[in-house]
Amino acid sequence: MTAFARNQWYVAAYAREVGRELLGRTVLDEPILLYRTEDGQAVALSDRCVHRRFPLSQAPSRLDGDRVMCGYHGFTYGTDGRCVFVPGQQRVPRTARLAAYPVVEQDAFVWVWIGDRDPGATVPPRAPWLNSSAYTVVSGMEPIDCDYGLLVDNLMDLSHETYLHGGYIGTPEVAETPITTEVDDGAGIVHVSRHMDDAACPPFYAESTGIEGRITRWQDIEYHAPCLYLLHSRVAPAGAAAPAADGSDPEAFHVEVVYAITPSTQKTTYDFWAVARDFALDDQKVTDYLHANNHTVVMQDVDALNVLQKSLDTEKPGYQELSINIDTGGLAARRILARLAQEGETRAAAPAAGAAR
Amino acid sequence: MTAFARNQWYVAAYAREVGRELLGRTVLDEPILLYRTEDGQAVALSDRCVHRRFPLSQAPSRLDGDRVMCGYHGFTYGTDGRCVFVPGQQRVPRTARLAAYPVVEQDAFVWVWIGDRDPGATVPPRAPWLNSSAYTVVSGMEPIDCDYGLLVDNLMDLSHETYLHGGYIGTPEVAETPITTEVDDGAGIVHVSRHMDDAACPPFYAESTGIEGRITRWQDIEYHAPCLYLLHSRVAPAGAAAPAADGSDPEAFHVEVVYAITPSTQKTTYDFWAVARDFALDDQKVTDYLHANNHTVVMQDVDALNVLQKSLDTEKPGYQELSINIDTGGLAARRILARLAQEGETRAAAPAAGAAR
Amino acid sequence: MTAFARNQWYVAAYAREVGRELLGRTVLDEPILLYRTEDGQAVALSDRCVHRRFPLSQAPSRLDGDRVMCGYHGFTYGTDGRCVFVPGQQRVPRTARLAAYPVVEQDAFVWVWIGDRDPGATVPPRAPWLNSSAYTVVSGMEPIDCDYGLLVDNLMDLSHETYLHGGYIGTPEVAETPITTEVDDGAGIVHVSRHMDDAACPPFYAESTGIEGRITRWQDIEYHAPCLYLLHSRVAPAGAAAPAADGSDPEAFHVEVVYAITPSTQKTTYDFWAVARDFALDDQKVTDYLHANNHTVVMQDVDALNVLQKSLDTEKPGYQELSINIDTGGLAARRILARLAQEGETRAAAPAAGAAR
């Protein structure tokens, strides 16, 4: 199984999911309670009452103003996790305090920091298209019953589009065209590029852009380990001009595909998926088509990864995989994840002086 | 997990559940077959045929007079567990014998003795209201997917009524009013009392007694570890006279709430619940109301404990609880259960001379 | 649990189940892909792509002529298991090869050889009635959630017919009549015979043969460990002539009951069952009756064994069984299975020189 990289930012929810209803999520095996204060601040606390470990996200637990009250015995906590009320006595024990997780709300996501060090100056990576008026977005989240590493593998190697998503976003050229891979080990970023100059146009793009005939199709992956995966997708009629030196690219259609890959437990993963486009911004028909079509594609992955995890669960220890060129990006991602996991644990074992929590 | 206290009496079923149909129950991880002889005696035998371990409570196993015949190969046993027939041969092996459990039928319950010592003079504790013409009873049994210790915790601390059962039997005064706790370690009995002199009347009592306005409400818990929990509940209009010295208490309504808490497996529990009242004895409407309402309350506990067990199952080893004053009774119960569990095992390891089984 | 005997032939499917649709079966914990080439040859390969272990029997994996193409990334394999195509590059790694299992198609079954040695001259045992024009056959397959040893136990001791299948194929005489057992340890064959000269005719035979009144009923079991179980059943009106010296037996009805007992995982088993008769060959009503009735009988076993396995799963280690005369055949089968399991593993640890795989 893929080790968890602690002391990292993870997407716990879409901003739209966090409100005045209590929401429970499990991130890196930690149960997390999410809600929003009356003035709109997102809050992330441990989702277990200190008293008897009842989940605070579970009814009849409820919000009382900005405070959360346990539905079992009424223990009540402030947004900093400090307990402010216990039943049957005036004195609240000083140790009655929930872990409070650092939160950043950014680009339509609520990010939480999982670890025992302070994030310090570390900030989550960006996906600005999800909150930009220059783009229209469809999105969703699907839980998968698999090791999050299987989803990373899946997304880093798009040759699977030809087979698993044939007839949707895959065409023969995806599997045929070699990739180039660049790894920034220090920043923990993997780039995988596949530029197809003369390719069939899959229905996903034909229907949404209106292009007829063959296309130029660029797929530029930018994976910010551990959680954020970006696919910069550029589609233009075959023979269209390349982007200008200033970055302008009027003949092409751009789709920014964003995945947040959040490990929940060792064998369950949250698959946050979003597709932002810079064309047909107000065309609801295109929006509906892309939402339905992309959901279908995501569910093809979900079904395959659920099956794959079940298969791996029955493998004998020490089973073998065989990797080829297409796996270069995925293997680089695995190396970075292994390093991040080790760093997160190592520093945790010997916390820096002045660590905040 | 809460250790099992062996060499103790446990409720295996209501008397009304044990008849001429074979009934299987699992008590302290032991599969038990229950039935009633033609002359009405309750019998408790091991629920596994000695031949190939087929459950005797499973069809097509069946009764043949007072004998039980295995539905797989026809091995047949008498009420003492001794095998009296095997197929294909005349000789019945002498070792072909089911464990037979001592049984006491008392107060609407069938109690069985689980352990390897003889119960000797030890008798089950009493709940006489369940079989008394001076009381009317509603009752039921709900299986819970939790450690039985969670149900003991739940019942020993009634401050949870205010939160988990708010609007049913809980009012603010329950959580606000301090408790007094008395522990009789020798007898294995814990008393927890909460006397509210001026409290809101919850619907449970308003609807059944007809009291309007505020009440005096006494909750006197008497837990006979490990299995029997009694809640002596006294409700009267606020300002009513206290019970007289001779025990008479004409101005008050009395409800005897009885729980038998029977560990089935390490994470499953039988929750036998009964509510006996000394008023409106023949009022079917009150009976129906109390049955429905108490069932709802029990299911609120069942749902909460199912959730809680699932939460605890994902806790890392060595997780912490935080206990406060309201937990005094529950902690005393845990100590007694731990002692009883240890005694049951210790003596089992060195059985007294003359032990019967 | 019953150990697996490797380096043996097992029935993986009925021949009729193997065609141009991909079929996945798990035999002795090994995932196996079955299909038939365009010219009709049955093929058995490992059901896991060498790349990332995706199941080849899982859509959208599919056949391309005689080749199978993985539905995840398009890895493609020939009937010998050798990979002939990978995406994104010309060179196919030499180690990219699926295990290919020796296959024998015989008597309506597809047999596969599970083990690491070559079968050499070892051939599967025969059940020729299943493909003979002198017999009419009804058959099916039921998965059971149990150790395959429980099904072997079940079939070796037919005294259970009297109890578990009472009213279908069981009558009192089955359990009452002693058996004779012969064991050919070298060949791994156990014979158990029960000849009833004057027995009630169970509905199974009354309805299908038309016999009225009592019968002579012979049950001659011939178990070829580990996988093939034959029950030669002879039924004739009581007092009919015995078979002649030349084997002819015109006064009797013959039913050849065939079971293939294939271990799937440690606690799941494929129960292939077939009933071949030498009478009423073209009587569809008899065929329908025997199919429905035998399916009912098989499901009685399936239900009982599912229950039994669940019971055994909760037994404490070192639990005891008690065996009697009726178990002589079953115990002999267990001994042979234990020996075969040990031999399969022993030789595997030190493979003979020249082993082919």
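Per an unreviewed UniProt entry, chain A is named Rieske 2Fe-2S domain-containing protein, and its organism is Streptomyces monticola.

Each helix and strand counted, chain A has six helices and 17 strands in total. Taken over the C-alpha trace, chain A has a radius of gyration of 22 Å; the compact-globule value for 357 residues is 21 Å, and the two agree within 12%. Taken over the C-alpha atoms alone, chain A extends approximately 75 × 50 × 40 Å along its principal axes. Accessible surface computed for chain A: about 14,500 Å², of which carbon and sulfur atoms make up 50%. With 30 positive and 48 negative side-chain charges, chain A shows a spacing of 12 Å between the two charge centroids.

Another aspect to go through is the sheet that holds strand S7 (residues 76-77) of chain B. All names here are of chain B. If you walk across this open sheet you meet the four strands as S5-S6-S7-S8, and the pairing is antiparallel. Looking along the sheet, the strands with just one partner apiece sit at the ends: strand S5 (62-64) and strand S8 (83-85). In terms of strand pairing, strand S6 (residues 67-69) meets S7 through two bridges, oriented antiparallel. In the strand pairing of S7, Met69 is matched with Thr76.

Next up on the list: the nonpolar core. Within the largest apolar cluster, 112 residues are counted, with the highest numbers of intra-cluster contacts made by Leu34, Phe109, Tyr223 and Tyr229 of chain A together with Phe75 of chain C. Those residues in contact with Tyr229 of chain A that lie beyond four places of it in its chain are Leu155, Met156, Leu158, Ile221, Glu222, Tyr223, Val257, Val258, Tyr259 and Ile261 of chain A. Counting 111 residues, the second-largest nonpolar core is a separate cluster that includes Val11, Met196, Leu230 and Ile261 of chain B.

What follows is about the relation of the copies chain B and chain C. Here chain B sits on chain C after a turn of 120 degrees about the axis and a move of 0.1 Å along it, with an RMSD of 0.0 Å. Overall, the copies show the geometry of a three-fold rotation axis. Within chain B, the C-alpha atom positioned nearest to the axis of rotation is that of Asp313 of chain B, 12 Å from it.

Turning next to the interface of chain B and chain A. Listed per partner, the contact involves 30 residues of chain B and 26 residues of chain A. Taking both partners together, chain B and chain A bury about 2,200 Å²; carbon and sulfur atoms supply 57% of that area. For the chain B face of the interface with chain A, the top three residues by lost area are Tyr163, Leu322 and Ile324 of chain B, together amounting to 31%. At the junction of chain B and chain A, the tally comes to four salt bridges. Put simply, Asp327 of chain B and Arg52 of chain A hold a salt bridge, and the shortest N to O gap is 3.5 Å. Here chain B and chain A share 11 residue pairs in polar contact (both at pLDDT 80 or more) between them. Mapped onto the side of chain B that touches chain A, the elements with two or more residues apiece are helix H1 (148-156), helix H2 (160-164), helix H3 (172-176), helix H5 (284-313) and helix H6 (328-349) of chain B. If you tally residues by element for the side of chain B that touches chain A, the top one is H5 of chain B, at six residues. In terms of residue class, the side of chain B that touches chain A is made up of 14 nonpolar, eight polar and eight charged.

Here the focus is the packing of aromatic side chains. The geometry of an aromatic ring pair comes down to the distance between the two centres and the angle between the two planes. For the structure shown, the criterion picks out 33 aromatic pairs over all chains. On the basis of an interplanar angle of 80 degrees and a centroid distance of 5.4 Å, the ring pair of Tyr14 of chain A and Phe272 of chain A is categorised as edge-to-face. Of the two residues, Tyr14 of chain A sits in strand S1 (residues 8-14) while Phe272 of chain A sits in strand S17 (residues 268-277), which places them 258 residues apart along the sequence. The two residues Tyr14 of chain A and Phe272 of chain A agree in class, both being buried. Their ring planes at 75 degrees and their centres at 6.3 Å tell us that Phe109 of chain B and Phe272 of chain B sit as a pair that is edge-to-face.

Below, the discussion takes up the pattern of salt bridges. Following the criterion strictly, the structure yields 56 salt bridges over all chains and no others. A salt bridge links Asp153 of chain A to Arg52 of chain C; its shortest N-O distance comes to 4.0 Å. Taken together, the positions of Asp153 of chain A in helix H1 (residues 148-156) and Arg52 of chain C in the loop between strand S4 (42-46) and strand S5 (62-64) put the pair across two chains. Take Asp153 of chain A: its relative accessible area is 14%, and that puts it in the buried class. Salt-bridge contacts for Arg52 of chain B lead to Glu321 of chain C; the nearest nitrogen and oxygen are separated by 3.7 Å. Of the two residues, Arg52 of chain B sits in the loop between strand S4 (42-46) and S5 while Glu321 of chain C sits in the loop between helix H5 (284-313) and helix H6 (328-349), which places them in two different chains.

On to the sheet that holds strand S1 (residues 8-14) of chain C. All names here are of chain C. Ordered by their spatial adjacency, three strands build an open sheet running S1-S10-S9, and the pairing between neighbours is antiparallel. Both outer strands of the open sheet, S1 and strand S9 (103-106), are each paired with one neighbouring strand and no more. Averaged over all adjacent pairs, the angle separating strand axes in this sheet is 30 degrees, with direction ignored. Summarising the sheet, S9 and strand S10 (residues 109-114) pair through four bridges and their orientation is antiparallel. Bridge pairing in S10 places Glu105 opposite Val110.

UniProt's feature table lists "domain: Rieske" (unreviewed entry) at residues 9-112 of chain A, given in the numbering used throughout. A helix fraction of 0% and a strand fraction of 40% characterise residues 9-112 of chain A, whose end C-alpha atoms lie 6 Å from each other.

For the rest of this paragraph, the subject is the interface of chain B and chain C. The interface is formed by 26 residues belonging to chain B together with 30 residues belonging to chain C. Taken over both partners, the interface formed by chain B and chain C buries close to 2,200 Å², and the fraction arising from carbon and sulfur atoms is 57%. Looking at the side of chain B facing chain C, the largest losses of area belong to Arg52, Arg53 and Tyr72 of chain B, adding up to 34% of the total buried there. In this structure, the connection of chain B to chain C is made through 11 residue pairs in polar contact (both at pLDDT 80 or more). Of the residues in the side of chain B that touches chain C, the class split is 13 nonpolar, eight polar and five charged.

This part is about the packing of H1 of chain A against helix H5 (residues 284-313) of chain A. Residue and element names in this part refer to chain A. It is at 10 Å that the axes of H1 and H5 come closest, and there the two elements cross at 130 degrees. In terms of orientation, H1 lies oblique with respect to H5. By crossing handedness, the relation of H1 to H5 is classed as right-handed. Here Leu150, Leu151 and Asn154 of H1 come into contact with H5, specifically with Asp301, Leu305, Leu308, Gln309 and Leu312.

This part is about the confidence of the model for chain A. Residues and elements named next belong to chain A. Taken as a whole, chain A shows an average pLDDT of 95; of its residues, 97% reach a score of 70 or greater. Predicted confidence for residues 350-357 stays below pLDDT 50, and this span has five contacts to residues more than four positions away or in other chains. Among the scores for the predicted complex, ipTM is 0.93 and pTM is 0.94.

Before going further, it helps to examine the environment of Ala3 of chain C. Residue and element names in this part refer to chain C. Relative to the assigned elements, Ala3 resides in the segment before S1. Between the C-alpha atom of Ala3 and that of Ala59, which follows or precedes it by 56 residues, the distance is 33 Å. Contacts of Ala3, omitting those with residues within four sequence positions, involve Tyr148 and Ala341.

Let us look at the domain arrangement of chain A. Residue and element names in this part refer to chain A. By domain assignment, chain A separates into domain 1 (8-114) and domain 2 (134-315 + 325-340). Across the contact, 16 residues belong to domain 1 and 19 residues belong to domain 2. Of the roughly 1,300 Å² buried between domain 1 and domain 2 on both sides combined, carbon and sulfur atoms contribute 62%. Per-residue buried area on domain 1 facing domain 2 is highest for Tyr10, Val11 and Tyr14; these three make up 33% of the total on that side. Inspection of the region where domain 1 meets domain 2 yields zero salt bridges.

Rules used throughout
Residues numbered from 1 in each chain as written. Chains lettered and ligands numbered in written order. Predicted model: local features only at pLDDT ≥ 70, side-chain atom pairs only at ≥ 80, totals over all residues. Heavy atoms only, no water. Helix = DSSP H or I, 4+ residues; strand = E, 2+ residues; numbered from the N terminus. Rg over C-alpha atoms; globule rule 2.2 N^0.38 Å. Areas by Shrake-Rupley, 256 points an atom, 1.4 Å probe, with all protein chains shown as cover. Lys, Arg positive; Asp, Glu negative; His and termini not counted. Charge placed at Lys NZ, Arg CZ, Asp CG, Glu CD. Pairing = 2+ DSSP bridges. Core = buried A, V, L, I, M, F, W, Y, C linked by side-chain atoms within 4.5 Å. Buried < 20%, exposed > 50% of the residue type's maximum accessible area, 1.4 Å probe, protein only. Contact = heavy atoms within 4.5 Å. Least-squares fit on C-alpha atoms with pLDDT ≥ 70 in both. Buried area = accessible area lost by both parts, 1.4 Å probe. Salt bridge = Lys/Arg side-chain N within 4 Å of Asp/Glu carboxyl O. Polar contact = N/O pair within 3.5 Å; in protein donor to acceptor, adjacent residues only side chain to side chain. Nonpolar A, V, L, I, M, F, W, Y, C, P; charged D, E, K, R; others polar. Phe/Tyr/Trp six-rings, centres within 6.5 Å; stacked < 30°, edge-to-face > 60°. Axes fitted to C-alpha atoms, helices over the stretch in contact; angles between N-to-C directions. UniProt positions renumbered as here; feature names shortened; annotations may be inferred. Parallel < 35°, antiparallel > 145°, perpendicular 65-115°, else oblique. Left-handed = near helix turned anticlockwise from the far one by under 90°. pLDDT = per-residue confidence, 0-100. Domains from an automatic or database assignment.

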